[in-house]
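An overview of the molecular structure
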Amino acid sequence: MAVRKPPITTREYWAPGHAACAGCGPAIVMKLATKAFSEAMEEKYGDPNAFAIAHATGCMEVVSGVFPYTAWKAPWIHVAFENAAAVASGVEAAWKKLGRKGKILAIGGDGGTADIGLQALSGMLERRHNVVYLMYDNEAYMNTGIQRSSSTPYGAWTTTSPPGKYSIGEDKPKKWVALIAAAHQIPYVATASIGDPHDFYRKMKKAASVDGPAFVQVLAPCVPGWRTPPEKTVEVARLAIETGIWPLFEIENGDFHNIKFQRFPKDGKFKKPIEDYLRLQGRFKHLFKRPEAIQELKNQIKELWRILGKEVELP
Amino acid sequence: MPMRKVMKGNEAAAWAAKLAKPKVVAAFPITPSTLVPEKISEFVADGEMDAEFIKVESEHSAISACVGASAAGVRTFTATASQGLALMHEILFIAAGMRLPIVMAIGNRALSAPINIWNDWQDTISERDTGWIQFYAENNQEALDLILIAFKVAEDERVLLPAMVGFDAFILTHTVEPVEIPDQEVVDEFLGEYVPKHAYLDPARPITQGALGFPAHYMEARYTVWEAMENARKVIKEVFDEFEKKFGRRYHMIEEYKTDDAEIILLTMGSLAGTLKEFVDKKREEGVKIGAAKMTVYRPFPIEEIKALAKKTKVLAILEKDISFGIGGAVFADTSRALINEKEKPIVLDFILGLGGRDVTFENLEEVVEISKKALEGEKVEEVNWIGLRKEIL
Ligand SMILES: Cc1ncc(C[n+]2csc(CCOP(=O)(O)OP(=O)(O)O)c2C)c(N)n1
Ligand code: SF4
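The notes below deal with the structure included here. (Residues numbered from 1 in each chain as written. Chains lettered and ligands numbered in written order. Predicted model: local features only at pLDDT ≥ 70, side-chain atom pairs only at ≥ 80, totals over all residues. Heavy atoms only, no water.)

Observations concerning the sheet that holds strand β7 (residues 163-168) of chain B
Residues and elements named next belong to chain B. Definition in use: A pair of strands counts as paired when DSSP detects no fewer than two bridges linking them. The helix count covers DSSP runs of H or I at least four residues long, the strand count covers runs of E at least two residues long, and both are numbered beginning at the N terminus. All axes here are fitted lines through C-alpha atoms, helices being fitted over the stretch that makes contact, and every angle between N-to-C directions spans 0 to 180 degrees.
Strands sit in the order β3-β2-β4-β5-β7-β6-β13 across an open sheet of 7 strands; the sheet is mixed. Edge positions in the sheet fall to β3 (52-54) and β13 (297-299), since each of these pairs with one other strand and no more. For this sheet, the mean angle separating the axes of adjacent strands, direction not counted, is 20°. Inspection of the sheet shows strand β6 (residues 133-136) paired to β13 by 2 bridges, in the antiparallel sense. Paired with Gln134 across the two strands is Arg299, which belongs to β13.

Digging into the site of ligand 2
Residue and element names in this part refer to chain A. Test applied: Proximity criterion: a residue is near a molecule or strand once any of its heavy atoms comes within 4 Å of it. The residue classification treats Ala, Val, Leu, Ile, Met, Phe, Trp, Tyr, Cys and Pro as nonpolar and Asp, Glu, Lys and Arg as charged. All others, Gly included, are polar.
The environment of ligand 2 is made up of Ala20, Cys21, Cys24, Pro26, Cys59, Met60, Asn138, Cys222, Val223 and Pro224. Breaking the shell around ligand 2 down by element, the ones donating at least two residues are α2 (59-64) and α8 (223-226). Its residues placed into classes, the shell around ligand 2 shows 9 nonpolar, 1 polar and no charged.

Regarding the interface of chain A and chain B
Heads up, the rule is: Any two residues having at least one pair of non-hydrogen atoms within 4.5 Å are treated as being in contact. Each of two parts loses accessible area, computed with a 1.4 Å probe, when they are put together; buried area is these two losses added. Take a side-chain nitrogen of Lys or Arg and a carboxyl oxygen of Asp or Glu: if they are within 4 Å of each other, that pair is a salt bridge. Counting of polar contacts relies on pairs of N or O atoms within 3.5 Å, with two restrictions inside protein: one atom must be capable of donating a hydrogen and the other of accepting it, and residues adjacent in sequence are counted only when both atoms are side-chain atoms.
Opposite the 38 residues of chain A that make contact, chain B presents 37 residues. On the chain A side of the contact with chain B, Phe67(A), Lys97(A) and Arg127(A) bury the most area, a combined 20% of that side's loss. Taken together, chain A and chain B are joined by 4 salt bridges. For the salt bridge of Arg127(A) with Glu57(B), the shortest nitrogen-to-oxygen distance reads 3.0 Å. For the pair chain A and chain B, the number of links is 16 residue pairs in polar contact (both at pLDDT 80 or more). Contributions of two or more residues to the side of chain A that touches chain B are made by α2, β2 (76-78), α3 (84-98) and α5 (118-126) of chain A. By residue number, the principal contributor to the side of chain A that touches chain B is α3(A), which donates 11 residues. Taken together, the residues of the side of chain A that touches chain B sort by class into 21 nonpolar, 10 polar and 7 charged. Of the pairings in the sheet, the one linking β2(A) to strand β9 (residues 208-209) of chain B comprises 2 bridges and is parallel in character.

Overview of the pattern of salt bridges
The following threshold applies: Relative accessibility decides the category of a residue: with a 1.4 Å probe and only protein chains considered, values under 20% of the type maximum give buried, values over 50% give exposed, and everything between is partly exposed.
Applying the stated criterion across every chain yields a total of 70 salt bridges over all chains. The residue Lys31(A) makes a salt bridge to Glu12(A) at a minimum N-O spacing of 3.0 Å. One end of the pair, Lys31(A), is in helix α1 (residues 25-45); the other, Glu12(A), is in the segment before α1, and 19 residues separate them in sequence. The partly exposed category is assigned to Glu12(A), whose relative accessible area is 29%. Salt-bridge contacts for Arg279(A) lead to Asp276(A); the nearest nitrogen and oxygen are separated by 3.5 Å. Here Asp276(A) and Arg279(A) lie together in helix α10 (residues 274-279), a separation of 3 residues that amounts to about one turn. Note on Arg279(A): relative accessible area 54%, which makes it exposed. If you follow the salt bridges from partner to partner, you end up with Glu138(B), Glu142(B), Glu255(B), Lys277(B) and Lys294(B) in one network.

Describing helix α11 (residues 330-339) of chain B
In terms of residue burial, α11(B) counts as a mostly covered element, since 7 of its 10 residues are buried. Within α11(B), burial applies to Ala330(B), Val331(B), Phe332(B), Asp334(B), Thr335(B), Ala338(B) and Leu339(B).

Section: the packing of α3(A) against helix α3 (residues 59-71) of chain B
Spelled out, the test is: We call two directions roughly parallel when the angle between them is under 35 degrees, roughly antiparallel when it is over 145, roughly perpendicular when it lies between 65 and 115, and oblique otherwise. Handedness of a crossing follows from how the near helix is turned relative to the far one, being left-handed for an anticlockwise turn of less than a right angle and right-handed for a clockwise one.
The interhelical angle for the contact between α3(A) and α3(B), taken along N-to-C directions, is 45°, at an axis separation of 6 Å. In terms of axis orientation, α3(A) runs oblique to α3(B). Pair α3(A) / α3(B) crosses with right-handed handedness. Two secondary-structure elements touch here, α3(A) through Ala86(A), Val87(A), Gly90(A), Val91(A) and Ala94(A) and α3(B) through Ser61(B), Ser64(B), Ala65(B), Gly68(B) and Ala69(B). Looking at side-chain class alone, the contact of α3(A) with α3(B) contains 6 nonpolar, 4 polar and no charged residues.

Digging into the site of ligand 1
Neighbouring ligand 1 are 18 residues, the closest being Gly111(A), Gly112(A), Tyr136(A), Met142(A) and Asn143(A). Lying at an intersection of chains, ligand 1 is approached by residues of chains A and B. Taking Cys59(A), its main chain carries an N or O atom lying 3.0 Å from an oxygen atom of ligand 1. Here an oxygen atom of ligand 1 and a side-chain polar atom of Asp110(A) are 3.1 Å apart. If you tally residues by element for the shell around ligand 1, the top one is helix α4 (residues 110-115) of chain A, at 3 residues. The class makeup of the residues in the shell around ligand 1 is 7 nonpolar, 8 polar and 3 charged.

Topic: the packing of α1(A) against helix α7 (residues 197-209) of chain A
All names here are of chain A. Running from N to C, α1 and α7 point in directions that differ by 45°, and their axes come no closer than 8 Å. Relative to α7, the element α1 is oriented oblique. Here α1 runs over α7; the crossing is right-handed. Residues Val29, Leu32, Ala33, Lys35, Ala36, Phe37, Glu39, Ala40, Met41, Glu43 and Lys44 of α1 form the contact with α7, whose participating residues are Pro197, Phe200, Tyr201, Met204, Lys205, Ala208 and Ser209.

Structural notes on the environment of Ile133(B)
All names here are of chain B. Mapped onto the fold, Ile133 is located in strand β6. Along the chain, Ile133 and Ala232 lie 99 residues apart, while their C-alpha atoms are 8.1 Å from each other. The residues contacting Ile133, other than those within four sequence positions of it, are Val153, Val159, Leu161, Pro162, Ala163, Met164, Met229, Ala232, Ile236, Arg299 and Pro300.

In structure tokens:
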């Protein structure tokens, strides 16, 4: 009888026992990303373990490496908040010299990537290190207690973008690091969401398989930060795709004229309104009293799609 | 046969790096150290050096890449100065806390503001509490030798701490002097291959480095850094001995010059020591009983050597190119600490001079001696004295 390979490896690198919240989106990212990496390493080098992880300070680093415990079954290093990309550069250089086959995975949150770590990220991409940089985007600084980052979307409540008499919440459009990364003309850039785990898995595998740097930005809801019920994490992340608020795409070698889209409606008409996405989250609650803010958000999303080369309709 | 070449201090540092055979170098240019990465690039380009040279986008990433490489288990080198070192500050603690024996060459330069590219020691002095071993070179030969020594000490299993070697901006970095370049085979024998047991990032033996330390463990982790630095005292002396056997040049925690019958001893670091020796000769001819001393190792602080030196003199005058605002010179403060429980101790005076490249002249040194003499005669003098200050432009 033929034995079929499981669609996703049963190997675990992100062990149970970490201290993440119930329903943590980024924790799902850690699990899937390392599994995908392992499969890619097995196919590319014949060794599923041929990788090491450099992690930026943030929620996932803190919950996974509380001395004397560790959630990591892979070689793992954390140095500081802003330098995962630079640390990964050093590890990769050392591996090259040691003749060790494999690839380095750098992981950072949106704060450690879009804000304080952007320079180190750009340096690493530009120098063409053989590193996959994975940005898990929970759209705020969660580890320090939910402050806005430049990746926080318009209108969202955070502790430093509170809605009030003179404030709508976060008042700037989201910064898309994936597009900045793609401008480096690196082999592979992708966005993903844990709302489509298979798509994310495939993209992580692809990122790990290319020679040279790759960047993946994955949407990963945070339960206390988004004020969502723990059991809705994946559903919220899926709605982000279905309402058009989170485009899924791949850009290879910085070729913005040939962006590959996933789950894009053929007619450009999204069927579900972004209100369905917003309503599930406490961080957007106040917007429902300010319809013009929701309209502004819709305009921003349309504009983003236009930049990506697509005219869309949002219900 | 060792070869003699006339070279700048920066080139001597690059030669030391070449001889030590680091597997990874990451560096970013800053005056006065720019020539170090440039020279290393040349060595790499010519195939004379087999290192991965990461041309990082900042000093912050330079030291971060060094931490990554060192944590992956290879010998690692970098160079910087001044603002560059300050930008590394956060990661310097981490390199020491993770016990990574990175070696860094520093062209000692003043810190802004005002921006100033010339020599003083404020950059490295400001990093004295990061857990890095600190050496200061008097001349280009010492810059080369101390970098080799730094690797040997840093990588010793009793130590495993990063080390920095300072040499004065322009006075050494850009001045040519004859330097003896040791034979590669002897250096290889001296340093051996670096094979760490505690840091390797190997998929075959996965480890977690850089975990979160709760209050239950943090103090113990920091204590091990303290302990390692204490161990370094002994190890440095052993390495100095071995270095002398292999290369014929002798180093001391504190090197003394005409101190045996001295009533006033001038203590300093770096290139100023050369000037002091000449000055001491001159004063001796005039019949003034003075001596000079040079501190080669500033961290770990040579407490025992300071005590021994203090026993020989009535006035210990510290000449330093740094300032810790609100107390005085850092070497002065540390020296006072070393002597606090001694029954008999000399008068300790602090002289802040040469900041931001201000020349230290014999005239300045005369002033130091005058103040020291007054103190010796029982007159009350300031403990912290700014020498060569142009009061008229204040
Ligand atoms: C230089 C520096 N500044 C600030 C901090 C405090 N800090 C630690 S984690 C963090 C936020 C992390 O946010 P993000 O990268 O989005 O990851 P998340 O916590 O959301 O997983 C901050 C501000 C730090 N560790 N280092
Ligand atoms: S705060 Fe958010 S990101 Fe952090 S562990 Fe909890 S759910 Fe995950």
